[in-house]
Amino acid sequence: FFNPSCKNIKLQNLSEEFADAARQLKKEAPRIQFGKIDVTHQHDLRKEFNIQAFPTVKFFVNGSREDPIDCKGVRKASTFVTWVKRRTGPSTVLINSTDQAEAIIKADDLAVIGFFRELHSDSVEVFCETARDVPEMPFGMTASEDICANYGIQRNSLVVFKKVGVQKSIGEFFRLYINFIGADVESFVSQTSVKIFDVPVENHILLFTPTNSETFSEIYENYQSAAAEFRGKILFVLVDTNEARNGRIFEYFRIRDIDVPAVRILNLTSEAKYKMPADEVTMENLKEFCQSYLNGKAKQHLSSEEIPQDWDKTPVKVLVGKNFNSIIFNKTMNVFVMFYAPWSHECRKLLLIWDELGEQYKSHKDVMIAKIDVTANDLLSVGLDRYPFFTLFPAGPQHQVRSCWGRLDYTKLENAAESGGENN
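The chain has the name protein disulfide-isomerase in an unreviewed UniProt entry, where Catharus ustulatus is given as its organism. The record held by UniProt for the chain lists under Catalytic activity (unreviewed entry) the comment "Catalyzes the rearrangement of -S-S- bonds in proteins." On record in UniProt, under Sequence similarities (unreviewed entry), the comment for the chain is "Belongs to the protein disulfide isomerase family."

This is the structure we're talking about:
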């Protein structure tokens, strides 16, 4: 979607790169079509797809005009080609031999390889999703013990190989999104984020702010001063909220436009998040927040969606952080909850079965079938390490909570509801 009145040279270059990508894929994948729309003549389309900036690139799948995928930050023809291929086919290369791994490593300046214990897990799904969003470099994955041993890598690690032969590995997938390029304050740049860092500091503080705002210089000066005082104890990170491809990190911390500037602390080991109580990013507020965290006095920040007005109007009730405890710890109601992540393909499939289960039990006054989006609601009362995850909270104070997970079918879910959740 473009506006011909925009004369920016970068936008003109992108139009040429877009056309070049179309020519390449016309030969390689003729079923993938490229098109362009002049929004000055197509006002209805501009409104339908909410086009606010130019150019905007959207990817429509299987002939549907519902929920097209935004293609953000892509500027080169080769990257457009890779981005589309990873959306229509495998996003990563399955590595079965050391020779294959070496070929991937030597093909580009940087190569990202995931060494996993198994290839059917939530971690692998996140890895593949990330590869779709970072088309600038090759991604590969393997579960081969021999390949891991050859590189001296423990499984369930991510490694970035540089052409100079330097490699840095890390276990937590969150770290895949951060690139460190500074001294006391590090910049978060998702475009180069897979240059994974390996640092001993597990406490990270992140400042979310637009770098072109009128107050940025003052805020950044305060942030740098605080960073110097807590060097070695807390790693200071700057996240530019104007950078479109930092969207994943906004989602992870649930940062909205109206929240910025915002400051959060993350412990990489526990994944606990903390919100700075004060709104103003001053030296004093930053120091007080950091010291309170290090002293163990800061309160963990738990995000929650607002309670929907119709949360209990459908057979499957919608839970959020704000109503979770009051609903599940009900002395008269047996509550069977599905904890799901919207990005998970397995979750999306099971949500359909969950709706069937809700229909089956909608007339039972003492049984509630419910669901909660764990990516939008933080919960302390339930420990989750995989999705989808199912927990039955029986009525009464003496009953033991039962949990089950994995690839379940409708019969297993119904049996779990009937028997107290003992079917794993």
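(A) Region of the structure containing unusual backbone geometry. The step from F54 to P55 runs through a cis peptide bond, and the omega angle for that step is -10 degrees. Within the secondary structure layout, P55 lies in the loop between helix 2 (43-48) and strand 1 (58-59). Of note, the bond from V260 into P261 is cis; its omega dihedral lies within 30 degrees of zero at 0 degrees. When you line up the elements, P261 lands in the loop between helix 8 (247-253) and strand 11 (262-267).

(B) Examining the pairing of strand 6 (residues 157-162) more closely. In terms of residue burial, strand 6 counts as a mostly covered element, since 5 of its 6 residues are buried. Two strands pair when backbone bridges link them, and strand 4 (residues 110-115) and strand 6 are joined in this way by 6 bridges, in the antiparallel orientation. In the sheet register, I113 faces strand 6, and the bridge partner there is V159.

(C) Structural context of the pattern of salt bridges. The full count for this structure, using the stated rule, is 13 salt bridges. With a closest N to O distance of 3.9 Å, E102 and K106 form a salt bridge. Within this pair, E102 and its partner K106 are both found in helix 4 (residues 98-106), separated by 4 residues, close to a single helical turn. A salt bridge links E346 to K349; its shortest N-O distance comes to 3.7 Å.

(D) Molecular detail of the nonpolar core. Formed by 23 residues in total, the largest nonpolar core has its most connected members in I205, F236, V263 and L286. Residue assignment for this core shows that the elements contributing at least two residues are strand 9 (203-209), helix 7 (216-229), strand 10 (235-240), strand 11 and helix 9 (283-294). When near neighbours in sequence (up to four residues on either side) are disregarded, L286 contacts I205, N222, Y223, A226, V263, M276 and V281. Of all hydrophobic cores here, the second largest spans 16 residues; its members include I328, V337, A370 and V374.

(E) Structural view of the packing of helix 3 (residues 77-88) against helix 5 (residues 122-133). Interaxial distance between helix 3 and helix 5 falls to 8 Å at its minimum, and their mutual angle equals 150 degrees. Comparing their axes, helix 5 and helix 3 come out roughly antiparallel. Across from W83, R86 and R87 in helix 3, the residues of helix 5 making contact are A131, R132 and D133. For the contact of helix 3 with helix 5, the residue count by class is 2 nonpolar, no polar and 4 charged.

(F) The confidence of the model for the chain, seen in detail. Across the chain, the average pLDDT comes to 81, with 82% of residues at or above 70. When mean pLDDT is taken per element in the chain, strand 13 (residues 316-319) scores highest with 96 and strand 7 (residues 167-170) scores lowest with 33. Counting interchain partners and residues more than four positions distant, the pLDDT-below-50 stretch residues 188-200 has 46 contacts. Every residue in residues 420-424 scores below 50 in pLDDT, and together they form 12 contacts with partners more than four places removed in sequence or on other chains.

(G) Highlighting the layout of surface pockets. Taken as a whole, the second largest pocket encloses approximately 1100 Å³ of empty space. What lines the second largest pocket is a set of 39 residues, among which F18, Q33, F34, G35 and K58 lie closest to the centre. Within the residue set of the lining of the second largest pocket, elements represented by two or more residues are helix 1 (9-28), strand 1 and helix 3. Sorting elements by how many residues they give to the lining of the second largest pocket places helix 1 first, with 6 residues. Looking at the lining of the second largest pocket residue by residue, the class counts come to 24 nonpolar, 10 polar and 5 charged.

Conventions used here
Residues numbered from 1 in each chain as written. Predicted model: local features only at pLDDT ≥ 70, side-chain atom pairs only at ≥ 80, totals over all residues. Heavy atoms only, no water. UniProt positions renumbered as here; feature names shortened; annotations may be inferred. Helix = DSSP H or I, 4+ residues; strand = E, 2+ residues; numbered from the N terminus. Buried < 20%, exposed > 50% of the residue type's maximum accessible area, 1.4 Å probe, protein only. Pairing = 2+ DSSP bridges. Salt bridge = Lys/Arg side-chain N within 4 Å of Asp/Glu carboxyl O. Core = buried A, V, L, I, M, F, W, Y, C linked by side-chain atoms within 4.5 Å. Contact = heavy atoms within 4.5 Å. Axes fitted to C-alpha atoms, helices over the stretch in contact; angles between N-to-C directions. Parallel < 35°, antiparallel > 145°, perpendicular 65-115°, else oblique. Nonpolar A, V, L, I, M, F, W, Y, C, P; charged D, E, K, R; others polar. pLDDT = per-residue confidence, 0-100. 1 Å grid on protein atoms, 1.4 Å probe; cavity = no way out; pocket = protein on both sides within 12 Å on 5 of 7 lines; lining within 4 Å. Points joined across faces, edges and corners; volume = space filled by probe spheres on them.

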